[in-house]
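Okay, here's what each chain looks like letter by letter:
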Amino acid sequence: MGQLSGGRSRRTGAARRIYLELREQIGAGIYAPGDRLPSSRALAEELGVSRTTVTAAFDQLVSEGYVISHQGSASIVSDMAGSITRHSRQAEHRVEWPMSDYAARLMELPIHYAERRPELEFDFRYGDIAAADFPTLLWRRAMNAALLRRRDSLSYEHPAGSAALKQQLQGYLWRVRGIRCDTDQIVVVSGSQQALDLCARVLVDRGDRVIVEEPCYAMARNVMVAAGAEIVPVSCDNAGLLVEDLPQQGRSALAYVTPSHQFPLGGVLPQSRRDALLQWAHAVGAYIIEDDYDGEYRYDVKPIPPLFQADHGRVIYVGTISKTLSPALRLGYLVVPRPLIDVFTRCKQIADRHSPSLEQEALAILLDAGSYERHVRKMRRSNAERRAALIAALKSSFGERIAIVGTSAGLHVVVWFREIGAQHQEHLIEAARVAAIGIYPVSPLYLERKPDHAGIVLGYASLTPDELRRGAEKLAAVVCTSIEF
């Protein structure tokens with residue numbers, strides 16, 4: 001059975017302690033319905049108590065329906081134990097224990113857990129990339145090289161990241177994105193989500209006004225809501241944020257934007273709007289978070305220089321390798337204005353000391369050898385093929401009944417159904433799920449101005465061109481049979 005943990009009240013008898021531990025282990029699935037419990041004699045010997053004490057604990061479990069016991073045979077976990085435990089847990093969840101304001105705000109937010117759905121034949125979930133695209137051999141060699149490097153001791157590293165990785169990132173950002181910065185302006189983080197969380201911790205107080213795009217990446221918006229910010233959504237068109245709609249009166253702490261590829265609609269913010277956005281930030285005293293979440297993927301447009309390149313004082317640049325290598329590696333980076341270097345470094349140290357060291361060294365090795373950039377170019381070609389296959393299949397299957405936007409960059413497109421109202425969207429998604437197709441609505445990414453028509457975000461980086469073609473054809477058949485155009 002394993003040793004029972006302590007920590008129960010001294011006033012609680014040994015039999016009750018054993019009963020509570022066994023009930024908890026049944027609830028956790030350590031003992032499943034139909035499993036045998038240890039004999040009372042064996043358990044008594046293991047725990048150093050009398051057999052009578054163990055028998056009393058078993059009797060309580062039997063009386064509550066967790067266990068079935070017959071004279072002369074082993075005690076068996078009952079088939080009803082699972083439902084009894086669930087009911088007990090639901091009752092516990094109804095108890096209102098004290099929690100912080102931060103925790104209370106978190107509990108009000110919608111859940112966004114990226115769980116795998118193996119029952120789906122075609123899963124168009126955005127953010128996923130193909131496991132087959134991961135450069136396993138290159139990464140293994142780099143990790144082995146990092147492991148074999150001689151170290152005098154194993155210790156905590158600098159919270160802002162590996163010096164070798166920051167030096168390589170400095171060169172990479174200059175070559176690829178035109179960003180000129182010093183290495184001490186780079187803070188290595190555990191993915192872009194932590195980058196956003198650090199920004200909220202450092203720059204947002206409860207009640208501060210934070211500007212977000214409408215629609216917006218939900219996890220970025222949620223970070224600011226959890227921090228207690230007043231969220232001000234500003235609409236986007238097919239070129240990105242409508243800068244003229246930014247609030248001109250009062251102070252704003254932050255503006256969160258995706259100017260290189262607006263998420264999810266795909267607009268690329270033109271230079272005139274970029275200039276106006278920077279002027280606004282200086283006028284109202286706001287910092288701008290520039291999330292360059294998929295900046296490596298450009299197909300039909302030339303990349304426009306990042307906002308950070310134009311203004312080192314008000315822009316915080318966020319980059320990640322989640323879309324080029326793997327989100328599982330949990331590596332990203334911030335480039336921060338000089339006055340914020342120390343506070344972001346301290347905040348990172350408080351959050352988790354530092355990001356994983358071996359992975360940082362391995363990435364530095366790939367960057368130094370040029371392997372990372374070669375891999376990115378390969379992924380750009382592969383994803384361009386996937387994109388072309390999906391767009392062609394959607395046009396062939398749906399014709400003029402849909403509008404496809406956000407096709408010039410990134411790893412997803414948005415599909416609007418011209419003849420399906422927003423009120424039918426959930427029915428559409430459920431019908432697709434029944435047909436083993438995973439599609440995801442765009443409406444949760446809007447805060448206030450919900451769209452009138454059904455729209456879905458289709459990620460294509462985790463499927464093959466053939467799967468994308470077949471998936472689009474099957475989706476069209478589902479739509480035709482389940483929705484009246």
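What this report covers is the structure whose coordinates are included nearby. Keep in mind that what you see is a predicted model, and the values were worked out from it rather than measured. (Residues numbered from 1 in each chain as written. Predicted model: local features only at pLDDT ≥ 70, side-chain atom pairs only at ≥ 80, totals over all residues. Heavy atoms only, no water.)

### A short note on the overall build of the protein chain
Then comes step 1: Helix and strand counts for the protein chain come out as 16 helices and 16 strands.
Then comes step 2: Taking the principal axes of its C-alpha atoms as reference, the protein chain extends roughly 85 × 65 × 50 Å.
Then comes step 3: The buried share among the 485 residues of the protein chain stands at 51%. (Helix = DSSP H or I, 4+ residues; strand = E, 2+ residues; numbered from the N terminus. Buried < 20%, exposed > 50% of the residue type's maximum accessible area, 1.4 Å probe, protein only.)

### Details of the pairing of strand β6 (residues 230–237)
Then comes step 1: The buried count for β6 comes to 6 of 8 residues, which makes it a mostly enclosed element.
Then comes step 2: Relative to β6, strand β5 (residues 209–214) is paired through 6 bridges, and the arrangement is parallel. Within β6, the position partnered with R209 by the bridge is E230.
Then comes step 3: For the crossover from β5 across helix α9 (residues 218–226) to β6, the handedness is right-handed.
Then comes step 4: With 2 bridges connecting them, β6 and strand β7 (residues 240–241) associate as antiparallel partners. Bridge pairing in β7 places C236 opposite L241.
Then comes step 5: Counted along the chain from β6 to the antiparallel partner β7, the turn is 2 residues long. (Pairing = 2+ DSSP bridges. Right-handed = clockwise from strand over helix to strand, strands pointing away.)

### Observations concerning helix α2 (residues 40–47)
Then comes step 1: All of the buried residues along α2 are S40, L43 and A44. Buried residues along α2 cover an arc of 100 degrees about the axis, so they all sit on one side.
Then comes step 2: Along its buried surface, α2 packs onto α1 (14–27) and α3 (51–63).
Then comes step 3: Once α2 finishes, G48 follows within two positions and takes phi at roughly 70 degrees, a positive value. (Arc of directions from axis to C-beta. Contact = heavy atoms within 4.5 Å.)

### A few points about empty space enclosed by the protein
Then comes step 1: Tallied over the full model, the rule gives 1 cavity of 30 Å³ or more.
Then comes step 2: As for the largest cavity, its lining consists of D292, Y293, G295, E296, Y317, G319, T320 and Y333.
Then comes step 3: Here the lining of the largest cavity is composed, by residue class, of 3 nonpolar, 3 polar and 2 charged. (1 Å grid on protein atoms, 1.4 Å probe; cavity = no way out; pocket = protein on both sides within 12 Å on 5 of 7 lines; lining within 4 Å. Points joined across faces, edges and corners; volume = space filled by probe spheres on them. Nonpolar A, V, L, I, M, F, W, Y, C, P; charged D, E, K, R; others polar.)

### A word on the side chain of T345
Then comes step 1: By the secondary structure assignment, T345 is in helix α12 (residues 341–352).
Then comes step 2: At 2.8 Å, the side chain of T345 forms a polar contact with the backbone oxygen of I341.
Then comes step 3: Leave out the neighbours within four places in its chain, and T345 touches H158, P159 and A160. (Polar contact = N/O pair within 3.5 Å; in protein donor to acceptor, adjacent residues only side chain to side chain.)

### Considering helix α15 (residues 425–434)
Then comes step 1: Every buried residue of α15 is accounted for by Q425, L428, I429, A431 and A432. One side of α15 carries all its buried residues, which in axial view fall inside an arc of 160 degrees. Of the exposed residues in α15, those oriented more than 90 degrees away from the buried face are E426 and V434.
Then comes step 2: Looking at the buried side of α15, the elements it contacts are β13 (412–421), β14 (437–438), β15 (440–441), β16 (453–459) and α16 (465–482).

### Observations concerning the sheet that holds β13
Then comes step 1: The strand order β12-β13-β16-β15 describes an open sheet built from 4 strands, whose pairing is antiparallel. Edge positions in the open sheet fall to β12 (402–405) and β15, since each of these has one partner strand only.
Then comes step 2: As paired elements, β15 and β16 share 2 bridges and run antiparallel to each other. When the sheet's bridge partners are listed, P441 is paired in β16 with I456.

### So, the sheet that holds strand β4 (residues 186–189)
Then comes step 1: Across the sheet, which stays open at both edges, the 8 strands sit in the order β4-β11-β10-β9-β8-β5-β6-β7 with mixed pairing between neighbours. Looking at strand neighbours, the two that pair on one side only are β4 and β7, the edges of this open sheet.
Then comes step 2: Running over the sheet, helix α8 (residues 192–203) touches β4, β8 (254–257), β9 (287–291), β10 (315–320) and β11 (332–335) and is turned about 155 degrees from β10. (Axes fitted to C-alpha atoms, helices over the stretch in contact; angles between N-to-C directions.)

### Observations concerning the nonpolar core
Then comes step 1: Counting 47 residues, the largest nonpolar core has L241, L277, W280, L363 and Y372 as its most contacted members.
Then comes step 2: Per-element tally for this core: the top contributor is helix α13 (residues 357–369), with 6 residues.
Then comes step 3: Discounting residues that sit within four places of it in the chain, L277 has contacts with L241, V243, L246, V257, L269, I288 and L307. (Core = buried A, V, L, I, M, F, W, Y, C linked by side-chain atoms within 4.5 Å.)

### Details of a positive patch on the surface
Then comes step 1: Positive charge collects at one region of the surface, where R374, R377, K378 and R381 lie side by side.
Then comes step 2: By the secondary structure assignment, R374 is in helix α14 (residues 371–398).
Then comes step 3: Taking the relative accessible area as the measure of exposure, R374 reaches 47% and is therefore partly exposed. (Patch = residues over 30% accessible without salt bridge, like charges linked within 9 Å, V, L, I, M, F, W, Y side chains within 5 Å. Areas by Shrake-Rupley, 256 points an atom, 1.4 Å probe, with all protein chains shown as cover. Salt bridge = Lys/Arg side-chain N within 4 Å of Asp/Glu carboxyl O. Lys, Arg positive; Asp, Glu negative; His and termini not counted. Charge placed at Lys NZ, Arg CZ, Asp CG, Glu CD.)

### Comments concerning the packing of α14 against α16
Then comes step 1: Two elements in contact, α14 and α16, have axes separated by 8 Å at closest approach and are oriented at 25 degrees. Looking at the two axes, α14 sits roughly parallel to α16. The element α14 and its partner α16 pack so that their crossing is right-handed. Between α14 and α16, the contacting residues are R386, A389, L390, A393, L394, S397 and F398 on the first element and P465, L468, R469, A472, E473, L475, A476 and V479 on the second. (Parallel < 35°, antiparallel > 145°, perpendicular 65-115°, else oblique. Left-handed = near helix turned anticlockwise from the far one by under 90°.)

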